[in-house]
Structures are given as C-alpha cells and as structure tokens.
Amino acid sequence: MASLGHEVVGIDVDEHRIAELAAGRPPFFEPGFEEILQASLASGLLRFSTDFADAADARVHFLAVGTPQIAGSNAADLRYVNSATEALLPHLAPGSLVAGKSTVPVGTAARLDAMVTVAQPEAQLAWNPEFLREGFAVADTLTPDRFVYGVRSGDDGITATAMLDEVYAGAIEAGTPRLVTDFATAELVKVSANAFLATKISFINAMSEIAEATGADVTALADAIGHDTRIGRRFLNAGVGFGGGCLPKDIRAFQARADELGVGESLAFLADVDATNLRQRERVVRLTTTAVGGDLTGARIAILGLAFKPDSDDVRDSPALDVARRLRAAGATVVATDPEAIENSRRLNPDLEYVADARTAITGSDAVILLTEWSEYRQLDPVDLVGLPAAAVLIDGRNAVEPATWRDAGWSYVGMGRS
Ligand code: UGA
C-alpha cells in the first residue's frame, strides 16, 4: 500500500514483530518483500506501531489477522479477528472504512459490521478477501487478478466501493476485474476458491494413485487433460499434496461452517479431498520403505525441502515436514535440508537432523526424497551426485525432475504415479 503512494501505519500486538518490521527486517522469507519494505520505510509513507490509537487518523483500516484452525476442531479460530476489531472500534472516525482481508467463516462480516455500526454509526465495513499466494505475495498484491468487495446492501455500499476503488486506483484503471457483492458472497468467494484449488490437487493425486496401480503416467495424463481449457493445466501437479497455512485449514473450516448452517452434505466431498491429500504423505513413506528394502529402521534418509512450497520458509502443515516426522517415527535417521525453512522446521522438530545443503544431506543416504520443488533441487545434476549416497535412490515426491535423466545417470527413480 505504501509503495502505491498511500500513507500507511501497520499495527500489531506483537512488539518484537513490530520492532523488526520498523527496522526493515521481514518476519518471514518472501521474494521481493524485504526490498519493498525497506523502500517504503525510506519513503516515509510506512511506519509501524503497537498502539491502536495510531489508527485513529486512517480512512481505511485493513483487518488482516490470521484465522488458524482451532486445535481439536475443524473450525476457524476467530479470536484474533474479534480482538483486533474490538481494539479498533474506539478509534473509528466518521467516514472511515474497515476492510476485512482475513479468511473467515461466512456470516462473520455481517456480525463485525453490526459491531462497527454500534461503535461509529458513520463508519462502514466491507469484506475484501485476499487471494495472494506465498512466494508471489508482492506481485499478487500489486497486480492481483481480481478484486472482490463485499459491501452492505443498498446505497450504503457505494461509499465503501468508492473508497476501495481509490485505494486500488492504479490496478482498477489498468482493467483488473472488480466484483461488488454482498458480504456472504465475498466471504464465500475466498473459501470456495481455496476449496476448488484443493479439490483440483486431490483430484490429480487420486489419478496418480490410479496411475501407480495401472502403470500409467500421471504427468502425461495431466498434460493431456490440461490442454482442455475447461480443465487447465495449473494446479494439476501430483505429488505429496497441499499444505500451508491456507488450503488445509480453509477446507476444514468451510466444512465446519456448512455443518453449522445445516448444509454439511453439500461439502461432504471436502472430507475426501482432505483424506486423499493426507494419504499422499503415507504413500511417500510406503514408497520409501519399499525403496530401502522393506524396513526403515536405521535407514539414512535425505530429505530435500521442508517448506510447504518453494520460495517460502513456511512450514505450517508442511507435507515435507510431516513425511520427515513419519520416517523418523518409523525408525529412520532423517537428514533434512531446505534453502530457507530450516529454522522454522527446527523450532517445530528439534529432533530431526538438519544440514545446510543438498550434497551434505545426500552423502551416505540410503534414499533421497525430494519433497519441496525448489528450483535448486530441480536443477541438481544426477551425474554429479551419483557417488555421494550409499544407494542412489531418488523418491520424487513432487514429480519435479526428469526420470530418464536420473535413471541414465545410474539412479533408481521412483515418482508419484509415473510409469
Ligand atoms: C493459497 C491460494 O493459492 C491463494 O490464492 C490464497 O490467497 C492463499 O492460499 C490464502 O488463502 O491465503 P498458498 O497457500 O500460498 O496460496 O499456496 P498454493 O500455491 O495454493 O499451494 C498450496 C499447496 O498446494 C502447496 O503445498 C503446494 O505445493 C501444493 N500444490 C499446488 C500441489 O501439490 N500441486 C499443485 O499443482 C499446486
């Protein structure tokens, strides 16, 4: 927002995080983010604070706190959304707008809007869901593929729409599609988009299981069905499945909300999407067990990649870290590496062995598993590596490399549903 020319104050209750941001240090790895953070601080348009009173002068308040899964339940934890809203209410000026970005169960915006109206009758609320992808956060924020504004019904929504159009003026002028809806539709756009993407990934992983049983090749299958523009090739990469802070918890919270609304049957298929996804992690363990001769006890397994996806240090619900834990629980010695996610992994799993690079991890291993398709792992030269492991076995948990290249170099290659 600051890089677009707006004057911005970022508020959080986490003092350490605010101090780091104010010093130009991002709290996570995201390509391009550090540069834009530092440039925005230097421009004088961006500052950080832990004091909600600093929000009082703002015309637009973006509410962008997390909605994680509640432990022991499928539902989303709304405590941060509620507390951030409550802390903001006393500082709302007449004519200001609260724009919700958090991913919330349908019905939340209407509830928060009622709170805003009581606190400041001349303020408004809009729901403006966020579709950015980790790893592409800067580009997706500056040039999103669409805007969705959920606004109050009737004339009231006109002001909110005009204010958001002003915030996003450059992208709107450049022709970015902008849809104005009611609150419920805007909330549902977000979760249904993520549910669709999760379903697409589990669909191709189900095809990958069928391919494994039949000797077919799921990558060729994805290429072929992907040429049908009604289907599309993107998000048809079979492998160890989806993780992260969004897709897994969003499909669960969506089911929990549908149950509350009495329409749980409509989303019953998402339980299968979730189960198919989680099954891929056990499948990698099974393929690894077979590859090392049937017993993981004492086997030395190299894991390439810990983040839930490349270009991120995020290990929330990471399939890679989960596979590492499962292998260790089965008696293997796990030696893991990742370009950015080692520190975050170590915090969650101090018992695993971490090394700085792929060559060190591979050295002496009985099998190598590629679990996050960082470009540096895709580009590994199998000829160059062949002397390092105890046994040259690659389990490609992301179908990320060319099987023939590795086999020609003397490796035993095992993909996920690749003939
Ligand atoms: C996802 C959505 O893509 C964003 O549009 C959304 O804004 C975001 O959640 C959110 O709700 O905040 P993100 O979690 O960054 O973004 O990651 P994705 O790119 O969707 O990937 C999710 C997982 O699916 C990763 O673990 C990735 O490895 C896996 N994946 C993706 C596959 O296994 N196969 C594919 O073909 C694509």
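Residues numbered from 1 in each chain as written. Predicted model: local features only at pLDDT ≥ 70, side-chain atom pairs only at ≥ 80, totals over all residues. Heavy atoms only, no water.

**Regarding the sheet that holds strand 12 (residues 393-396)**
A sheet is described by the order of its strands in space; here 6 strands give the open sequence 10-9-8-11-12-13, paired in parallel fashion. Every other strand in the sheet has two partners, leaving strand 10 (353-354) and strand 13 (412-414) as the edge strands with one partner each. Note: strand 9 (residues 333-337) against strand 10, 2 bridges, orientation parallel. Looking across to strand 10, one finds that A336 is bridged to Y354. (Pairing = 2+ DSSP bridges. Helix = DSSP H or I, 4+ residues; strand = E, 2+ residues; numbered from the N terminus.)

**Focus: the domain arrangement of the protein chain**
Here the protein chain is described as being made up of domain 1 (51-181) and domain 2 (207-414). Put simply, the middle of domain 1 and the middle of domain 2, counted by C-alpha atoms, are 35 Å apart. In this complex, domain 1 contributes 13 residues to the contact, which on the side of domain 2 involves 14 residues. Taken together, both faces of the contact between domain 1 and domain 2 bury some 1100 Å²; the carbon and sulfur share is 50%. Between domain 1 and domain 2 we count 1 salt bridge in total. R316 is paired through a salt bridge with E134; the nearest N and O atoms lie 3.4 Å apart. The interface formed by domain 1 and domain 2 holds 7 residue pairs in polar contact (both at pLDDT 80 or more) in total. Its residues assigned to classes, the side of domain 1 that touches domain 2 comprises 5 nonpolar, 6 polar and 2 charged. (Domains from an automatic or database assignment. Contact = heavy atoms within 4.5 Å. Buried area = accessible area lost by both parts, 1.4 Å probe. Salt bridge = Lys/Arg side-chain N within 4 Å of Asp/Glu carboxyl O. Polar contact = N/O pair within 3.5 Å; in protein donor to acceptor, adjacent residues only side chain to side chain. Nonpolar A, V, L, I, M, F, W, Y, C, P; charged D, E, K, R; others polar.)

**Some details on helix 4 (residues 108-119)**
Spanning 12 residues, helix 4 covers 17 Å between terminal C-alpha atoms, matching the ideal 16 Å at 1.5 Å per step. When helix 4 is considered as a whole, its buried residues turn out to be T108, A109, L112, D113 and V116. Take helix 4 and look down its axis: the buried residues cluster within an arc of 125 degrees, on one side only. Its buried side turned inward, helix 4 meets strand 3 (60-63), helix 3 (79-88), strand 4 (97-100), strand 5 (124-127) and helix 8 (183-214). (Expected span 1.5 Å × (residues − 1). Buried < 20%, exposed > 50% of the residue type's maximum accessible area, 1.4 Å probe, protein only. Arc of directions from axis to C-beta.)

**So, the packing of helix 8 against helix 9 (residues 218-226)**
Across the interface, helix 8 lies against helix 9 with an axial gap of 9 Å and an inter-helix angle of 135 degrees. Of the possible angle classes, the one that applies to helix 8 and helix 9 is oblique. Of the two possible hands of crossing, helix 8 and helix 9 adopt the one that is right-handed. From helix 8, F203, I204, M207, S208 and A211 reach across to helix 9, where they touch V218, L221, A222 and I225. The class makeup of the residues in the contact of helix 8 with helix 9 is 8 nonpolar, 1 polar and no charged. (Axes fitted to C-alpha atoms, helices over the stretch in contact; angles between N-to-C directions. Parallel < 35°, antiparallel > 145°, perpendicular 65-115°, else oblique. Left-handed = near helix turned anticlockwise from the far one by under 90°.)

**A word on the nonpolar core**
If you look at the biggest cluster of nonpolar residues, it comprises 50 residues, and the most contacted ones within it are I301, I303, L327 and W411. The set of elements that each furnish at least two residues to this core consists of helix 11 (269-291), strand 8 (300-304), helix 12 (319-329), strand 9, helix 14 (358-362), strand 11 (367-370) and strand 12. When residues in this core are grouped by element, the largest group, 5 residues, is from helix 12. Leaving out residues up to four positions away in the same chain, W411 has contacts with I362, V368, P382, L385, V386, P389, A392, V393, L394 and W406. Core analysis: the next-biggest nonpolar cluster, separate from the first, contains 21 residues, L89, L92, A109 and F131 among them. (Core = buried A, V, L, I, M, F, W, Y, C linked by side-chain atoms within 4.5 Å.)

**Some thoughts on unusual backbone geometry**
Its identity is not glycine, yet F235 carries a phi of approximately 65 degrees, on the positive side. Here F235 shows up in the loop between helix 9 and helix 10 (247-260). Judged by its relative accessible area of 35%, F235 is partly exposed. Not every positive phi belongs to a glycine, and D311 is a case in point at roughly 60 degrees. Checked against the element boundaries, D311 lands in the loop between strand 8 and helix 12.

**As for helix 8**
A turn of α-helix holds 3.6 residues, and therefore any two residues three or four places apart point the same way. The terminal C-alpha atoms of helix 8, which comprises 32 residues, lie 47 Å apart, in line with the 46 Å expected from a rise of 1.5 Å per residue. If you check the start of helix 8, you find a side-chain oxygen 3.3 Å away from the backbone N of A184, and it comes from D182. Phi for G215, located one or two positions after helix 8, is positive at around 80 degrees.

**Structural notes on the side chain of N399**
You can see N399 is positioned in the loop between strand 12 and helix 17 (403-408). We classify N399 as buried; its relative accessible area is 13%. Within polar-contact distance, the side chain of N399 engages the backbone nitrogen of M416 at 2.8 Å. The contacts of N399, once residues within four sequence positions are left out, are V218, T219, A238, Y413, G415, M416 and R418.

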